Amino acid sequence: MSDKSVEHQVVEDVKANFPEDVLEIDVQRRGRVSISVKRNIIYDVSLFLRDKLGFDHIASVSGVDHIDEKEFEVIYHAWSIDKKILAALRTRIPRDNPVLKSLIDVWKGALYHERETWEMFGIKFEGHPNLSLFLLPEDWLGIPPLRKDFVLPKRPQE
Amino acid sequence: MVLSILRPFFLGLYHVFKRTFTVKHPYETLKPPERHRGRLMLNMDRCIGCSSCVKICPNKALNLVEFNGRKLPQYNAGRCCFCVLCVDICPVLALSMTHEVEYSVYKKEDHIYPPDRFSQPPEPVKGKIVTVKTLDKKFGVKHG
Amino acid sequence: MLGLSFVELIELFIKVLIFPGTLFSLLFSIIVIWFERKFLARMHLRIGPLHVGPFNRLGLFQPIADFLKLVQKEIITPSKANNFLYRLMPMLAAFLSALSIAFIPYALDPSGGYWVIFYTPLSLLVILVILTAKPFIMVGAGWAANNKYCTIGALRAAFQLLAYEIPIVLSLVGIVIVARSFDLAKIVEAQSSVWLIILQPIGFIVILIGMMAELLRRPFDIPLAEQEVVFGWPTEYTGVQFALVMVSEYFDLCVTASLITILFLGGWSGPAIPLLHDISPMLSGIFWFLLKMAVITVIIIMGRGVFPRLRIDQLLESGWTILIPFAIIQILITLATAQWWLPLIGG
Amino acid sequence: MKLSMGPQHPVTSHFRFILDVDGDAVLNFEWDVGYTHRGIEKIAENRIYVQNIPVVERINSYCDSIGTTLGYVEVVEELMDIQIPDRAKYLRVIAAELNRIASHLYAVSLVGISAGFETMLMWTINDRELILDLLVKLSGQRITYTYPTIGGVRWDMPDGFKEEALERLGYLEKRLEDYYRMMAWNRTFQMRFKNVGILKSSDAVGLGIVGPNLRASGVKVDVRKDEPYEVYDRFDFEVPTGKNGDSFDRASMRLKEIEQSIVILRQALKDIPNGPIKCSPKGSKVPPTAPRGEAYSRVESARGEFGYYLVSDGKSKPYRLKISTPSFRNLPALPFLCRNIPLGDIPVIFITFDYIPLDVDR
């Protein structure tokens, strides 16, 4: 299978270049590669993914609140137009100090995705030019709404 | 260049003489297809009050109330999103979609249908019922 | 009284109040508004106005109903607006537009003169002067409203109207050369054998496009562009003030259609209509005049259905670099071919 | 001068643009979105998997809701490891392509109105009604269909649907000529749209633009070809691409894609096999919970690529559902393009990108 080999090639390339900092890397299914890295090298890995492996099309930036493990997970999905593979670049950051280096220098399109992740999870992206409320109302004061400890307001009774 | 300016002129002039597409609504009404989803309706004889429709409803448009000693769903049309999940899940086929769409009210409370009102079929539509008869490139779409 | 005889006084009253004065221009506006809505609706495959008025589902009285609605509405003045200018400008716009109608001859008078409210041998110049005053009203109103959209719209209007006055004036030069007069009636008489549209087709197109731009009709309705500046300079007007602005627009359309009819389509000249001619030869002339006016009006209205709007820089560019050279070319052609057309108009 | 356009403005829909304007030139462009934010990602965490179908449908309700639901349904099916029957796949494709046509017709109508071209608005809206009529016959609603469900589709085709669909597609194909004559070949339209808002292919990829807007810049990216979901690998169709990436290319891309959708629909209606439409006859074999894990599904909706990222913790509700919507991914394009351009180009560029506020805000 030639398709398989492309994905495994990506895995091997990443492993070879970042031998000790990549925590976990595997092929989830055809066209899906998951790369889990330490938070300090996420910028270097993303630059490597974009320039060397051709993952140039940012698809989404999502946060996941693992409240039991007291950690946030930030996942960058990037699509490679040539290889037709979606790479999930993921890292974990502690919940009490949610700071991560912004990747907008690598993927310009991540600008609004990161801004949304900031306002929904409270994850600070260092180097982001404009971390202000985007989708939420301008007078929003509560905790970021997509965190798991956010309590949904009750429906007004009719 | 002159042609590309004049052609829209003639094309537009030609469309003046085509049939209009609009259905004159109060006088004519489009025929609802068989599956058309309007307001929900309850068959009171069949309902066993199992509350599975209440549980599946994503908008909490249905809730169980006491009615004549039975537990029957009450319907809030203002919340219904016509997803028919309740119709699908009903084990005794007591719920069905009617074709009624004109049920706007002035007060929010009027949107709440207690079981007796909930189980009444809608009034038949007034006016001529039309549907798309012919698709003609030359003269346009004909309703009839 | 004014040194007029009783008959002349009656005649003046008819002219001012009925034709071509108040009643005619209002009726023209109402019919054109209705026709525009209905015609464009049919072009869009819609029905258009439907309920109001006689005849089943024709919506004939829709403009009147709209006008009555507008009159009833509250007049709102923005708090930071310049009150005096803001209220003056719609009135002035309607007044100036109506004023031009006084100088347009519509037919031959049975007594030998022309059917015109105020006869002057310089009528073409007078109408041009009135046209030139329009940008000032727009800028004044746009500035007075103290709204950003109004200001942008007003400035656009000023740019556009000033740019398009020049080609219009230049092509009028060609006509004045032919007719050797600034008198609109004399221009009509010069076309007794051949219409000027045949002698000066380029001039006709230049004037038609220029007039559409002056009227702010669709491909050139940039100052009113809804998608960009909401409604341009009259954005803030409500109620009866808005009605005045609209009425002035349609008065302008009336003047423009009359003007093009006179300048290029031979005005009231045309074969005698048997029935009308028996009553009075003037009626036949009026019939022909209105028919030609209607054709021009339909062409001007159709632009709204078939063209998207241009951008302001494209408009100015085409005004300065296409229309003005073409107008000059028309003058040169007119002068160069004088030996052939002079016999045609009896010169 | 700061000019605040919207959210009550004829063209901006529920967006607000904060523009720096100098006379008639726009110097800077800034978004202000969020006027229709409903928090669908949070709502989805509090509903069970089946209930979420009508919820995520509201992301994109009035344009391409089949494409929206399809992405969600696929991600859940991938996580639950459900294989759906062939007929259901074909029906999904038919519904999705019909909806794509309807959505593109709507987009073309807005392109018309962005330059004050009301005729195009009315014509395309009229013809869209014929397509919506087909979808009503198929699913019972004009816009929010709730048609795909987990493990299949909800209804089979009604009687006579195939013939009627083919007839209407033939009519639409003829009408497309009128659109070309009236719009794309109209000199005034070309003047207004050509060389406006040129987005080069390298910029488009870097900014993460998706869908027809990316293809108009000359990048051949289409999920239907790259990663065929459902049965798109069985059809023979082209992916149209533009040359310059200007507004004219983006506008005419929609017309070209309607042509391709008609091609796909003809094949799908011809080849559709018989068989069940759900993974089990009663539709009750779908498990109520998804196993622990995660999945990412990509679907080409009318506006571009939808990405659904679903994390499950083994319970009956999703742990996290991230929805990456095409309009949101197209957002960086406008601040990039709307610098030092005339004010009149703002609606043109904005509308050819085919944003919808519901899609951005979620």
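Below or above, wherever it landed, is the structure these notes cover. These figures come from a predicted structure and were not determined experimentally.

Take the sheet that holds strand β2 (residues 16-22) of chain D next. In any sheet, the strands associate via hydrogen bonds between backbone groups, in a parallel or an antiparallel arrangement. Residue and element names in this part refer to chain D. Strand order in this open sheet of 4 strands is β1-β2-β3-β9, and the pairing throughout is antiparallel. Edge positions in the sheet fall to β1 (2-5) and β9 (341-342), since each of these pairs with one other strand and no more. Where β1 meets β2, 4 bridges bridge the pair, whose relative direction is antiparallel. Across the sheet, residue Leu3 finds its bridge partner in β2, namely Leu19.

As a further point, take the packing of helix α6 (residues 161-184) of chain D against helix α11 (residues 247-271) of chain D. All names here are of chain D. Running from N to C, α6 and α11 cross one another at 160°; their axes reach a closest spacing of 11 Å. Taken as axis vectors, α6 and α11 run roughly antiparallel relative to one another. The crossing of α6 and α11 is left-handed. Contact residues: α6 offers Lys162, Ala165, Leu166, Leu169, Gly170, Leu172, Glu173, Leu176, Tyr179, Tyr180, Met183 and Ala184, while α11 offers Phe248, Leu255, Lys256, Ile258, Glu259, Ile262, Leu265, Arg266 and Leu269. When the residues that make up the contact of α6 with α11 are grouped by side-chain class, the tally is 15 nonpolar, 1 polar and 5 charged.

Turning our eyes to something else, we now look at unusual backbone geometry. Positive phi values are uncommon outside glycine, yet Lys84 of chain A reaches one of about 60°. For Lys84 of chain A, the location among the structural elements is in the loop between β4 (71-80) and β5 (85-94). Assessed through its relative accessible area of 33%, Lys84 of chain A is described here as partly exposed. Unusually for a residue other than glycine, Asn68 of chain B sits at a positive phi of about 55°. Counting through the fold element by element, Asn68 of chain B comes out in the loop between β3 (62-67) and β4 (70-76).

Attention shifts here to the interface of chain D and chain A. Contacts between chain D and chain A engage 43 residues on the former and 42 residues on the latter. Both sides of the chain D and chain A interface together cover about 3500 Å² of buried area, and 55% of this is carbon and sulfur. Three residues stand out in chain D for area buried against chain A, namely Lys42, Tyr296 and Tyr319 of chain D, and they jointly supply 18% of the buried area on that side. Taken together, the links from chain D to chain A amount to 6 salt bridges. In this structure, Asp226 of chain D engages Lys84 of chain A in a salt bridge whose closest nitrogen and oxygen atoms are separated by 3.3 Å. Those elements giving two or more residues to the side of chain D that touches chain A turn out to be β3 (25-32), α1 (40-44), α8 (201-207), β6 (293-301), β7 (304-312), β8 (320-324), α12 (326-330) and α15 (357-361) of chain D. When grouped by side-chain class, the residues that make up the side of chain D that touches chain A number 18 nonpolar, 7 polar and 18 charged.

Looking now at a nonpolar patch on the surface. All names here are of chain C. On the surface, Phe6, Val7, Ile10, Phe13, Ile14, Val16, Leu17, Ile18 and Leu23 cluster together into a nonpolar patch covering about 860 Å² of accessible area. Top element by residues in the nonpolar patch is helix α1 (residues 6-18). It accounts for 8 residues. Mapping Phe6 onto the fold places it in helix α1.

This part covers the nonpolar core. Counting residues in hydrophobic clusters, the biggest one holds 305 residues, and the most contacted among them are Tyr76 of chain A together with Trp31 of chain D. Element by element, the count of residues in this core is highest for helix α6 (residues 148-179) of chain C, at 14 residues. With sequence-adjacent residues up to four places away left out, Trp31 of chain D is seen in contact with Tyr112 and Phe134 of chain A together with Phe15, Arg16, Phe17, Leu331, Leu334, Pro335, Phe350 and Tyr355 of chain D.

Right, let's get into the environment of Ile56 of chain B. Mapped onto the elements of the fold, Ile56 of chain B is located in helix α2 (residues 52-56). According to the relative accessible area criterion, Ile56 of chain B is buried, its value standing at 10%. Each C-alpha atom of the pair Ile56 of chain B and Gln74 of chain B lies 14 Å from the other, and the pair is 18 residues apart in sequence. Beyond its immediate stretch of four places on either side in the chain, Ile56 of chain B contacts Leu85, Cys86 and Ile89 of chain B together with Ile48 and Gln51 of chain D.

Conventions we followed
- Residues numbered from 1 in each chain as written.
- Chains lettered and ligands numbered in written order.
- Predicted model: local features only at pLDDT ≥ 70, side-chain atom pairs only at ≥ 80, totals over all residues.
- Heavy atoms only, no water.
- Pairing = 2+ DSSP bridges.
- Helix = DSSP H or I, 4+ residues; strand = E, 2+ residues; numbered from the N terminus.
- Axes fitted to C-alpha atoms, helices over the stretch in contact; angles between N-to-C directions.
- Parallel < 35°, antiparallel > 145°, perpendicular 65-115°, else oblique.
- Left-handed = near helix turned anticlockwise from the far one by under 90°.
- Contact = heavy atoms within 4.5 Å.
- Nonpolar A, V, L, I, M, F, W, Y, C, P; charged D, E, K, R; others polar.
- Buried < 20%, exposed > 50% of the residue type's maximum accessible area, 1.4 Å probe, protein only.
- Buried area = accessible area lost by both parts, 1.4 Å probe.
- Salt bridge = Lys/Arg side-chain N within 4 Å of Asp/Glu carboxyl O.
- Patch = residues over 30% accessible without salt bridge, like charges linked within 9 Å, V, L, I, M, F, W, Y side chains within 5 Å.
- Areas by Shrake-Rupley, 256 points an atom, 1.4 Å probe, with all protein chains shown as cover.
- Core = buried A, V, L, I, M, F, W, Y, C linked by side-chain atoms within 4.5 Å.

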